[in-house]
Every structure is written in C-alpha cells, then in structure tokens.
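# Coordinates in review
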Amino acid sequence: MTKNARAGRSWKRLVLIASLFTWSPANATPVLVVDAETHQVLHQEDAGVPWYPASTTKLMSALVVFEALRSGEVSLTTPVTMTRNAMKQAFLESGLSVGRTMTLEDALFAMITASANDVAVGLAEAVAGNETSFVRRMNEAAARLGLTGTHFSNPNGLFDRNNYTTARDLAILGMEVDRKFSEYRRFFLASAVTIDGKEIKSNNLLLTRFNGTIGMKTGFLCASGRNFIGMATRNGKRVMVVIMGATTERERNERSAQFLTEAFDGRLSPGAGLVDDLQNRTDVAPPDMRIQLCTDQSADYETARNKLYPMGLPGHESYLRDQIPSQIHTISTWANDNAADVPIPTPRPS
C-alpha cells in the first residue's frame, strides 16, 4: 500500500470516528427556549445532550464572582492583575501583558463583553487565590443548582474534554444569574469595551439588533461550534434561549432572534414541562464539531446548514431588524510590577 493510500484510509477512519461522536445523523444541534418566569419549556431539541460550552463557561465564572461580591470576599474595586498564568491562555485579544491590572468591575466587563480568556483567569485568581480553587467553586455551584450534565475544568471555556454542559443546564444557570443577581445585570448589556483604548466588540449581535435583549453570553470553539445563551424581555415576558453548535455567527444570531420572536408572539406554547425536569443524557459524550467546522469539509457543511437556516441571507427575512445604540464600557489598566514574579502553576492532568 502506498503512503498516499494509507493516509487516505487514515483520514476516512478519522471521519468515521468523528461521525460516531456526532450526536445526530442529521447534524441536529441542541436548542432550548424557556419562559424565564415560569421555567416552562416552550421549545426544545436535544436539550439534555452534552456539549462543549466554550465561552458560555464564563457565565458560571460570573456567578462565582457575584457570590464572592455579595459575601464581601471581594469588592468591585478589588484589583485584578494579569499574572503569567493568566497571560498563557489562548486566543487573547485584550492587548494586555503581564502585570497590567484593572478593577474587578472592569474585569467583569472584559470577561463577559469581550470574552477575554486572560481576564477570566485573572478574575479567578483574584477571587479564589488560584485557578484550581476557583474551578472547584464553579463545580460546587453547578452541583448546588442541579446541573447534572455539567462539569467545568477552567474559568474561560478553552477546550478540555472535561469541560462540558447541556442546553438544559445553561438555561438553569442563566436564569439563576438573572434572578439572584439582578443588581449585576448591567454587566451583560455592554455591546463593546475599550481596554486602554482598544475596542473589542461583543459577539452578541442581539444587543444592538433585537429590542429587549439583556445578555447573556456567546461562545465558540472548533469543537463546539457557535453557542449562545441569551435572554430578552418584552411586554413583561422574559424568555431564555440557548443555541448550541451553530455554524456561523449569522446562523446563531438569526436563530436566537427567531426563537425569541416566536416566543414573544405566542407561537411557542408550553407543553414540554419544566426545564428543571428535563433529563440530561449521561450515556453519550459531547460531539466534536472540528471536522464540520474547521477542516476542508467545512464549506460543504456550511452550505448544508445555510439551506436549513437561510434567515438573514440575501433574499431571506432577517429577525435582527432593530437598531439599538451601542453601550461601550471603558477600561483603563495600570502596572503591577510584582505580577511578573507570580509563578506559572504546574499544569493539571487532563
């Protein structure tokens, strides 16, 4: 057998293995729509199937920080410093460097709006002393909330096979954050931040294109696709939507807006029970979307998904019709020369 033939067989085997871990032959991805006041499920598709959360992980990080604020453990003026451990995270857009410091209040905006992976770790260290202790708090909170399909391994959502959740669990988490910490809702409303003059926009387009949007968090990894947990309110009705595994930002934003529109218009009716009663699937592993989204097969997959979800494409209706002024939060940092001496912890086994 030639080298090229062996390579071809290896590739086919990789595709076969990946297909076994893809939840549905039709490439269905989880969706959940919930009345946030009653917890009634308005629509759901595979809401208990495990999924890699990507940066929607930061919603749990925010909850842990909010709890620490309420207990008086930290304050909004507590300094958050970018340590060497924080700065070794992947996918950094903040423009920060070791030793740059900001207030905890600004760090929350940077983590939630800009989805800054380095700042998420800096926050974890500021609140709990080290990243490992903070992650322990995340998992303790997940257990306390009954998130039976969730486990966290880091505060920012970077890929780890031990970092997973479900649409059901994310919806419960989001509603808990909104209900219990109403005084911190403002952290989810900013559509952009500037960090020392550098503007970073939120990937949540609904904040500026869908009236009534009040957060919450987007996320993307090749393994997860584009995830979204969001909430909006109109005419006294509060609705939560969770989308997992979307292919493009257009698809994620349009589908989220479509489900919210249908919920507010009364086209989605209760009938599937309470979100708390949905069962998580513990018998399957999270699918890995990398072949569909980040290989030479991605174009064909995207074409197929565009046919399923054409909203917002030329010639098709868009659900993002509103024009809402941006809310931009300004962050200024200062130097902490002692941060350079903070050692990088020994990596945890995966």
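This text gives an overview of the structure that appears in the document. (Residues numbered from 1 in each chain as written. Predicted model: local features only at pLDDT ≥ 70, side-chain atom pairs only at ≥ 80, totals over all residues. Heavy atoms only, no water.)

## Here's the deal with the nonpolar core
Looking at soluble globular proteins, one finds that nonpolar side chains tend to be buried together. Counting residues in hydrophobic clusters, the biggest one holds 74 residues, and the most contacted among them are Leu32, Met60 and Phe66. The element contributing the most residues to this core is helix α2 (residues 57-71), with nine residues. The residues touching Met60, leaving out its near neighbours within four places in the chain, are Met138, Ala141, Ala142, Leu145, Leu147, Phe152 and Leu173. (Core = buried A, V, L, I, M, F, W, Y, C linked by side-chain atoms within 4.5 Å. Buried < 20%, exposed > 50% of the residue type's maximum accessible area, 1.4 Å probe, protein only. Helix = DSSP H or I, 4+ residues; strand = E, 2+ residues; numbered from the N terminus. Contact = heavy atoms within 4.5 Å.)

## Looking at the packing of α2 against helix α7 (residues 167-180)
Direction vectors running N to C along α2 and α7 enclose 30°, while the axes themselves pass 10 Å from each other. Relative to α7, the element α2 is oriented roughly parallel. Of the two elements, α2 crosses α7, and the hand of that crossing is left-handed. Across the interface between the two elements, Leu59, Met60, Leu63, Phe66, Glu67 and Arg70 from α2 touch Leu173, Gly174, Glu176, Val177 and Lys180 from α7. (Axes fitted to C-alpha atoms, helices over the stretch in contact; angles between N-to-C directions. Parallel < 35°, antiparallel > 145°, perpendicular 65-115°, else oblique. Left-handed = near helix turned anticlockwise from the far one by under 90°.)

## Description of the environment of Arg161
Its place among the elements puts Arg161 in the loop between α6 (131-144) and α7. Note on Arg161: relative accessible area 48%, which makes it partly exposed. As for Arg161 and Ala285, which are separated by 124 residues in sequence, their C-alpha atoms are 9.2 Å apart. Setting aside chain neighbours within four positions, we find Arg161 in contact with Tyr52, Asp288 and Arg290. Here Tyr52 takes part through its side chain, which lies 3.0 Å from a polar atom of the side chain of Arg161. (Polar contact = N/O pair within 3.5 Å; in protein donor to acceptor, adjacent residues only side chain to side chain.)

## Here's the deal with the sheet that holds strand β9 (residues 237-246)
In space, the five strands of this open sheet follow the order β2-β1-β9-β8-β7, with antiparallel pairing throughout. Strand pairing shows two members of the sheet lacking a second neighbour, β2 (41-45) and β7 (213-221), which therefore form its edges. Averaged over all pairs of adjacent strands, the angle between their axes in this sheet comes to 5°, without regard to strand direction. (Pairing = 2+ DSSP bridges.)

## Considering the state of the cysteines
With the rule as written, the count across this model stands at one disulfide. Disulfide pairing is shown between Cys222 and Cys294; the S-S distance is 2.0 Å. The sign of the -85° torsion about the S-S bond sets the Cys222-Cys294 disulfide as left-handed. Highlighted residues: Cys222 in the loop between β7 and β8 (225-234) and Cys294 in the loop between α10 (290-293) and α11 (298-308), separated in sequence by 72 residues. (Disulfide = S-S within 2.5 Å.)

## Describing the side chain of Asn154
Tracing the backbone through its elements, the reader meets Asn154 in the loop between α6 and α7. On the accessibility criterion, Asn154 (8% relative accessible area) is buried. Of the polar contacts made by the side chain of Asn154, one reaches the backbone nitrogen of Asn156; its length is 3.3 Å.

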